[in-house]
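An overview of the molecular structure
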Amino acid sequence: DPKCSWALAHLEQFPVEVMRADLETLLRVPGVGPVSARRIVSARRCGMLRFEDLKKLGVVVKRAQYFLTCGGRYASPLKLSQEGILQNLMAVERRALPQAEAQQLSLFDQVG
């Protein structure tokens, strides 16, 4: 994922506080898309947001949790290194993929 790669290469810009970040900054967070970023900006006018609220707003919290804080707190109590975040993100993606047998396709295989 290019967004995750960029975020991991620029960890000095994270974590982003959900209640203070502008729209452009929220868009750089893996797991936060344009629609959910706009929803966050609108919803935080009504009060404090928690990670449970972000999930309801369409944020993929499994990715975003490493790059966001809500009220100054991370979703998990552990602060991970770049390698730790990468390993956790890859593990989440592996579980999301179907467990079917993978087969390398060849350009020269006969069809039919």
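Our focus in this paragraph is the overall build of the chain. Helices and strands together make up the secondary structure of the chain, namely six helices and two strands. In the chain, the order of α-helices and β-strands from amino to carboxyl end is α-β-α-α-α-α-β-α. The 112 residues of the chain split such that 31% are buried. Summarising the internal contacts of the chain: among those between residues at least 6 apart in sequence, 50% fall at separations of at least 24. As displayed, the chain has an accessible area near 8,000 Å², and 55% of this comes from carbon and sulfur atoms.

Structurally, Thr69 can be placed in strand 2 (residues 68-69). Given the relative accessible area of 6%, Thr69 is considered buried. With 19 residues separating them along the chain, Thr69 and Arg50 place their C-alpha atoms 8.9 Å apart. Non-local contacts of Thr69, meaning those with residues more than four positions away in its chain, are made with Pro15, Val16, Glu17, Val18, Phe51 and Tyr74.

This brings us to helix 3 (residues 34-43). Turning to helix 3, its buried residues number three or more, namely Ser36, Ala37 and Ile40. Across the axial projection of helix 3, the buried residues extend over an arc of 105°, all falling on one side. Tucked inside the fold, the buried residues of helix 3 contact helix 2 (23-27) and helix 4 (51-56).

What follows covers helix 1 (residues 2-9). Within the sequence span of helix 1, burial applies to Cys4, Ala7 and Leu8. The arc that holds every buried residue of helix 1, seen down its axis, measures 100°, which confines them to one face. What points out from helix 1, more than 90 degrees from its buried face, is the exposed set Pro2 and Ala9.

Right, let's get into the packing of aromatic side chains. Evaluated as defined, the whole model comprises two aromatic pairs. Plain terms: the ring middles of Trp6 and Phe14 are 6.3 Å apart, the flat faces sit at 85° to each other, and that makes the pair edge-to-face. The exposure class of Phe14 is buried, given its relative accessible area of 11%. Ring centres of Phe14 and Phe67 lie 5.2 Å apart, and the angle between their planes is 70°; on these two criteria the pair is classed as edge-to-face. Placement of the pair is Phe14 in the loop between helix 1 and strand 1 (16-17) and Phe67 in the loop between helix 5 (61-64) and strand 2, with a sequence separation of 53 residues. Taking relative accessible area as the criterion, Phe67 reaches 0% and is therefore assigned buried. Among the aromatic residues, ring-to-ring pairing joins Trp6, Phe14 and Phe67 into one connected group.

Thresholds applied
Residue numbers here run from 1 along each chain, matching the order of that chain's written sequence. Totals for whole chains, interfaces and linings use every residue, but because this is a predicted model, local features are given only for residues with pLDDT of at least 70 and side-chain atom pairs only at 80 or more, for both listing and counting. Hydrogens and waters are ignored; side-chain quantities use all the structure's heavy atoms. Counting from the N terminus, the helices are DSSP H or I runs at least four residues long and the strands are E runs at least two residues long. Exposure is judged per residue with a 1.4 Å probe applied to protein chains only, and the accessible area is read against the type maximum: over 50% gives exposed, under 20% gives buried, and values in between give partly exposed. Two residues form a contact once any of their heavy atoms are found within 4.5 Å. In short, Shrake-Rupley with a 1.4 Å probe defines the accessible areas, and a residue's cover is counted only from the protein chains shown. Here, the arc refers to the directions that run from the helix axis to the C-beta atoms. Only centres within 6.5 Å qualify two rings of Phe, Tyr or Trp (six-membered ring in Trp) as a pair; their planes then separate them into stacked at under 30 degrees, edge-to-face at over 60, and tilted for everything else.

Interpretation note: all reported values are geometric properties and have no functional meaning in isolation.
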